[in-house]
Structures are given as structure tokens and as C-alpha cells.
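A look at the structure
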Amino acid sequence: MPLEDGDPARRRGQRVNGEVSGTPWLGVTGSSPLPGTPAPDGSGTEVMAEGWEPGPAPGDGDGTTKGPPRRAGQHEEALMSELSELVQKVVKSSSWWERHGVDVSILTCSFLLLPAGFLCLRSAQAIPFLVGVLILGVVHHTLTVKGSHLASHNALTESKSWGKVWAIFFIEICSAFTAEQGTYNHVKIHHGYTNIIGLGDSSTWKVPFLNRYVYMFIAPLAVPIITPLVALDLLRNVEWKAALRTLCCMFLGLYCHYWLLLHISGFQSPWSTLLCMLLTRSLLAHPYIHVNIFQHIGLPMFAADRKPKRIHLMSLGVLNLPRNALLDWSFGHSLISCHVEHHLFPSLSDNMCLKIKPVVSQYLKQKKLPYNEDTYTSRLRIFLQRYEELMVHAPPITELVGIQ
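Residues numbered from 1 in each chain as written. Predicted model: local features only at pLDDT ≥ 70, side-chain atom pairs only at ≥ 80, totals over all residues. Heavy atoms only, no water.

When you go through the protein chain residue by residue, the secondary structure sums to 16 helices and 6 strands. Here the contacts in the protein chain between residues at least 6 apart in sequence split such that 74% fall between residues at least 24 apart. Of the roughly 18,400 Å² that the protein chain leaves accessible, carbon and sulfur atoms contribute 63%. (Helix = DSSP H or I, 4+ residues; strand = E, 2+ residues; numbered from the N terminus. Contact = heavy atoms within 4.5 Å. Areas by Shrake-Rupley, 256 points an atom, 1.4 Å probe, with all protein chains shown as cover.)

Following this line, the structure appears as C-alpha cells:
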């Protein structure tokens, strides 16, 4: 599927914001049913382990090939290994502050801003009140999006035990979601099978019965309501101890927000308090939904038994957006301008993804591999124009040719 338009001339390589992929690919071959494929073991904690590739899918036979395809596969694995070595050098030369400290400081600053936000909401004047809404909205998304995302990849600390604690805090208490299912769906499915039809193809973000304008501009306001409801449904898939812990953490997070608005911000009624909770929790819901669909949907999709190796899969199926001060702070670099780097090396923190970005982009371009970039407004325009194709109909399977 071409990224921007249906011009056949562009099927030989995707040009996004001036970048041209050197990997030729052909268009639609039709969709096929996807066998049930077991989830991988998730991302490793070492950079060099991020070149891991899921095992052969059902239908692959013994997963062995002969002749040129095998040599091509070995070459692709060598490319990923070479890139991993370059990135590992950058990581080893970086201090703790660069690896974890910068992002921990951003999350800490967000916590310290909470009292100011709640106190501003006490004002009867419009400007201080709106400043309070802005502060609480930005802090909420920083903790729930950036914090939860980093915690799910254990990128906040090098300790697995503390990583589990932070995952429960950011995902369950702050985000009102379940840590086990959130981590499994994101790390093991989305990252393990990025843009694989029926697994990591971002289809969970599609709501086909909504029209384009409702989905893009109205539905995001319901995210704070939908999120805990989805979490409750997913609790059926976890053991009862984890489910009970999740329920307690979700209640604690929601009730603390409610109590602080009543007793610190001075709201007089439950309904006005709940309305303010909805307002602050949905403040950046629009870019949250947009970013999640812009960076994968509309890019090449593959069948589990006909997918490229990791370095091609991530360079073809992931897109970077430009840097944006507000979204960089609230969502993190790995979800905005360094999404390609994040999918190649998911255990790295936001700041480290930003630091390795020149290395990764230069390497992919030197090897004539895709490095997809586009602007937020361009992607928004594309999705409004091609909503039926991208968000309603099943994505076509991309056939890759000529990968050496």
C-alpha cells in the first residue's frame, strides 16, 4: 500500500517528506486468513538482543530455505547485527543521566506540577482556571502515555523488580489499565509482529462504524471512559490475584483524582468534578489517537508467513513525525520523532532513542533502506482523504521483491 497516493510510479519506493525507500515492493495481492501465531517473548533488555526475530509462523514448514533466499536472510540479519553494534557503542558511552535520568526528571517535574494545577482550578477567573486544566491535562498524559510506555518496556530503570513496580504505578494507577494485558498487547504483539496482518497491524485502533470526522475529532473525547472499560473486560484473561490488584489500583488512581478536585480545587458537586476529570484526561486524546494510527496504518502490511526480516519490517512499517515540544514532553520522543528507532531498539528510553536517531537514520539511508518521515498535518490530510481505505477496509498484504 503506498503511503500517500495511488500513483503506480511510487510503488518502486516510498517517498515521504523527501525520503525514498530503496526497497522495491509491489502492491496488493489480496488478503489471506492468518493462522493463530503464538506471541513472542517480548523485547529484551539488552540493545544487542533487539535484533530478535519471531520464529517461523504456521505454514512456514521447518522455517528453512535454500539458495538465494537464505543468503538474503543472512544478509538482513547481518545488517541488523551491524546496526545493533553501532547503537550499542552509543549506549555504552552514555551516562545514566542520558540513559534514564532525563526521562525520569521529566516525569518527576510532572508530579511536582500537580499541586499548581489543582490550586489553579480553585480560581473563579477564566485564565487561571484554564491554566489549571492545561497543567493537569499535560501532566496526566505525561504520566499515562510517556510513563506507561517507558514502564511497559522497562526503560525507566535497569532493575526488573523496579520496572514491575513502575509498570503497575503508571499503567494501573495513573492510566486505569491492566499492566499485564497492556504490556502483553503492546510489547509482545505490537512490537513482536509490527504490521503483521491480524497481530500487530494496529487494527485495535480501528472503529469501522464511525465516519471519518467522528473518529478523528469527536471519538477521542471518550478515551478516558473507554480505557477503564476495556481494562475491566481484559481482566478476564489474567489470574484473580492480578485482577484484584488491578481493580484496587484503578480505583485508587481514579478516586485520588476525584478527591483532590473536590477537596483541593473546591468543586461543589460530583458532576462538575467528573466533568473536569473528563476534560483534563481527554485534553490530548486527539493527538494520542492520531499518533497511534499515523505511524503504522497506511504503511506496508505483511502476512505472518511472508514477512521480511526485522530490519526491513521496522524500516518499512514505521514512520517518524517531526519534533513537537508539547508532544515530545507528554508522549516522548519514541512515540513521535524517533518511532523507527524505538521499534528497532524498544528497550531504550526516549532520550536514548533521540540520541541514536542520527546513527540509525544515517545507517538506513546508507544501506538504501526506507526511513519514513512525514508531518502531522500531512498524515491528518491523508487519513481524512483515504479514511475508508485505511480505517474501514481490511489492509492489503504487501509483497516485497528484490531484497538482497
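For the coordinates displayed, the defined rule picks out 13 salt bridges. In this structure, the salt-bridge partner of Arg-245 is Glu-180, at a minimum N-O distance of 2.7 Å. Here the residue Arg-245 occupies a position in helix α8 (residues 240–263), and Glu-180 occupies one in helix α5 (residues 179–191), the gap between them amounting to 65 residues. Accessibility expressed as a relative area gives 23% for Arg-245, which makes it partly exposed. Where Asp-233 meets Arg-236, a salt bridge forms, and the shortest distance between an N and an O atom there is 2.9 Å. By relative accessible area, which is 67% here, Arg-236 ends up exposed. Beyond isolated ion pairs, a larger network of salt bridges with shared partners links Lys-164, Glu-172, Glu-180 and Arg-245. (Salt bridge = Lys/Arg side-chain N within 4 Å of Asp/Glu carboxyl O. Buried < 20%, exposed > 50% of the residue type's maximum accessible area, 1.4 Å probe, protein only.)

Averaged over all residues, the pLDDT of the protein chain is 85; the fraction at 70 or higher stands at 81%. Low pLDDT, under 50, characterises residues 1–67; the predicted model gives this stretch 155 contacts beyond four residues in sequence or across chains. (pLDDT = per-residue confidence, 0-100.)

What follows is about the packing of aromatic side chains. Applying the stated criterion across every chain, the model contains 13 aromatic pairs. Plain terms: the ring middles of Phe-251 and Tyr-255 are 5.7 Å apart, the flat faces sit at 10° to each other, and that makes the pair stacked. You can see Phe-251 and its partner Tyr-255 sitting in helix α8, 4 residues apart, about one turn around the helix. An aromatic cluster of at least three residues, connected via ring pairs, comprises Phe-111, Trp-162, Trp-166, Phe-169 and Phe-170. (Phe/Tyr/Trp six-rings, centres within 6.5 Å; stacked < 30°, edge-to-face > 60°.)

All right, on to the nonpolar core then. The biggest cluster of nonpolar side chains holds 22 residues, and the ones touching the most others in it are Leu-344, Phe-345, Val-360 and Leu-364. Core analysis: the second largest hydrophobic core is formed by 18 residues, Leu-150, Ala-155, Phe-170 and Ile-171 among them. (Core = buried A, V, L, I, M, F, W, Y, C linked by side-chain atoms within 4.5 Å.)

Let us look at helix α9 (residues 270–281). Between its first and last C-alpha, α9 extends 16 Å over 12 residues, near the 16 Å set by a 1.5 Å rise per residue. Looking at α9, one finds that the buried residues are Thr-273, Cys-276, Met-277, Thr-280 and Arg-281. Summarising the axial view, the buried residues of α9 lie within an arc of 125°, below the 170-degree limit, and thus occupy one face. Looking at α9, the residues exposed on the side facing more than 90 degrees away from the buried face are Trp-271 and Leu-275. Buried residues along α9 sit against α3 (126–152), α4 (160–174), α7 (223–234) and α8. (Expected span 1.5 Å × (residues − 1). Arc of directions from axis to C-beta.)

It is worth spelling out α8 at this point. Its 24 residues give α8 an end-to-end C-alpha distance of 34 Å, which sits within 8% of 34 Å, the value for a rise of 1.5 Å per residue. Residues of α8 that are buried: Ala-242, Ala-243, Thr-246, Cys-249, Met-250, Gly-253, His-257 and Leu-261. Considering only its buried residues, α8 is in contact with α2 (96–120), α3, α4, α5, α7 and α9.

Turning next to the state of the cysteines. Counted under the stated rule, the structure contains 0 disulfides. Looking at Cys-174, it has no disulfide partner, and the nearest cysteine sulfur is the one in Cys-256, 9.9 Å off. (Disulfide = S-S within 2.5 Å.)

Before going further, it helps to spend a moment on the environment of Gly-317. Within the fold, Gly-317 resides in helix α11 (residues 310–317). Exposure remark for Gly-317: the relative accessible area of 0% places this residue in the buried category. For the pair formed by Gly-317 and Thr-194, sequence separation is 123 residues and the distance between their alpha carbons is 7.1 Å. Apart from residues no more than four positions distant in its own chain, Gly-317 is found in contact with Thr-194, Asn-195, Gln-295, His-296, Leu-299 and Pro-300.

Our next topic: the UniProt feature "transmembrane region" (unreviewed entry) in the protein chain. Following the UniProt record, one finds the feature "transmembrane region" (unreviewed entry) at residues 104–121, 126–143, 213–235 and 242–264. Across residues 104–121 one finds 94% helix and 0% strand; the C-alpha atoms that close the span lie 27 Å apart. Here residues 213–235 runs as 78% helix and 0% strand, with 32 Å between its end C-alpha atoms. (UniProt positions renumbered as here; feature names shortened; annotations may be inferred.)

With that out of the way, let us pick up the side chain of Asp-350. Looking at where Asp-350 falls in the secondary structure, it is placed in helix α14 (residues 350–366). In this structure the side chain of Asp-350 is engaged in a polar contact, spanning 2.4 Å, whose partner is the side chain of Ser-334. Here Asp-350 is in contact with Asp-103, Lys-146, Leu-150, Phe-331, Gly-332, His-333 and Ser-334, once residues within four sequence places are set aside. (Polar contact = N/O pair within 3.5 Å; in protein donor to acceptor, adjacent residues only side chain to side chain.)

A separate point is the environment of Phe-294. With respect to the helices and strands, the residue Phe-294 is situated in helix α10 (residues 285–294). For the pair Phe-294 and Thr-375, spaced 81 residues apart in the sequence, the C-alpha separation amounts to 9.7 Å. Setting aside chain neighbours within four positions, we find Phe-294 in contact with Met-216, Leu-319, Tyr-376, Arg-379, Leu-380 and Phe-383.

The interhelical angle for the contact between α3 and α9, taken along N-to-C directions, is 60°, at an axis separation of 8 Å. One way to sum up the angle between α3 and α9 is to call them oblique. Where α3 approaches α9, its residues Val-133, Leu-136, Gly-137, His-140 and His-141 are matched on the opposing element by Leu-279, Thr-280 and Arg-281. For the contact of α3 with α9, a count of residues per class yields 3 nonpolar, 4 polar and 1 charged. (Axes fitted to C-alpha atoms, helices over the stretch in contact; angles between N-to-C directions. Parallel < 35°, antiparallel > 145°, perpendicular 65-115°, else oblique. Nonpolar A, V, L, I, M, F, W, Y, C, P; charged D, E, K, R; others polar.)

Let us now look at the packing of α4 against α8. Packing of α4 against α8 leaves a shortest axis separation of 8 Å and a crossing angle of 55°. Here α8 runs oblique to α4, going by the angle between their axes. Two secondary-structure elements touch here, α4 through Lys-164, Ile-168, Glu-172 and Ile-173 and α8 through Arg-245, Thr-246, Cys-249, Met-250, Leu-252 and Gly-253. For the contact of α4 with α8, a count of residues per class yields 5 nonpolar, 2 polar and 3 charged.

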